[in-house]
Amino acid sequence: MEKLTEFDMAEYLDTEELQKGYLDYNAKEGTPEDLLRAINAVARARGMTKTAKEAGITRDGLCKALAPEANPAFSTVFNILHAIGYTLTPTPIAKTM
């Protein structure tokens with residue numbers, strides 16, 4: 001029986017353009033959990049230690065905040081986004097009548 005390797009999106013997010021596209025898509029089309037997974041993948045692609053330092057938390061704290069079962073505080077997500085070079089911009093949702 002062949003052994004399959006687990007897919008890791010972070011391995012494919014090797015440019016800022018790909019990282020931005022992945023975050024944008026998940027922010028617009030995904031669930032909050034999808035967005036946290038996307039932030040996790042981008043943080044890993046950029047380097048967890050570097051991201052944690054720039055976010056002002058420990059590497060372990062970053063891993064816990066971005067774990068699948070985590071429910072991090074808004075301020076933590078905000079700081080992590082800033083550490084990976086992004087900000088939140090409220091945008092009106094188009095209303096359909």
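My aim in this report is to walk through the structure given alongside it, one point at a time.

## A word on helix H5 (residues 74-83)
Consideration 1: Those residues of H5 not exposed but buried are Val 77, Ile 80, Leu 81 and Ala 83. Buried residues of H5, seen end-on, are gathered within an arc of 160° and therefore sit on one face of the element.
Consideration 2: In the core, the buried residues of H5 are packed alongside helix H2 (32-46), helix H3 (48-55) and helix H4 (59-65).
Consideration 3: Looking one or two residues beyond H5, the residue adopting positive phi is Gly 85, at roughly 90°.

## Comments concerning the pattern of salt bridges
Consideration 1: A full pass over the atoms with the stated rule returns four salt bridges.
Consideration 2: One salt bridge in this structure joins Asp 8 and Arg 44, with 2.5 Å as the shortest N-O distance. Taken together, the positions of Asp 8 in the segment before helix H1 (16-29) and Arg 44 in helix H2 put the pair 36 residues apart, joining distant regions of the chain.
Consideration 3: Take Arg 44: its relative accessible area is 34%, and that puts it in the partly exposed class.
Consideration 4: For Arg 37, the salt bridge goes to Asp 34, with nearest N and O atoms at 2.4 Å. Of this pair, Arg 37 and Asp 34 both sit in helix H2, three residues apart, roughly one helical turn.
Consideration 5: A relative accessible area of 47% places Arg 37 in the partly exposed class.

Cut-offs applied
- Residues numbered from 1 in each chain as written.
- Predicted model: local features only at pLDDT ≥ 70, side-chain atom pairs only at ≥ 80, totals over all residues.
- Heavy atoms only, no water.
- Buried < 20%, exposed > 50% of the residue type's maximum accessible area, 1.4 Å probe, protein only.
- Helix = DSSP H or I, 4+ residues; strand = E, 2+ residues; numbered from the N terminus.
- Arc of directions from axis to C-beta.
- Contact = heavy atoms within 4.5 Å.
- Salt bridge = Lys/Arg side-chain N within 4 Å of Asp/Glu carboxyl O.

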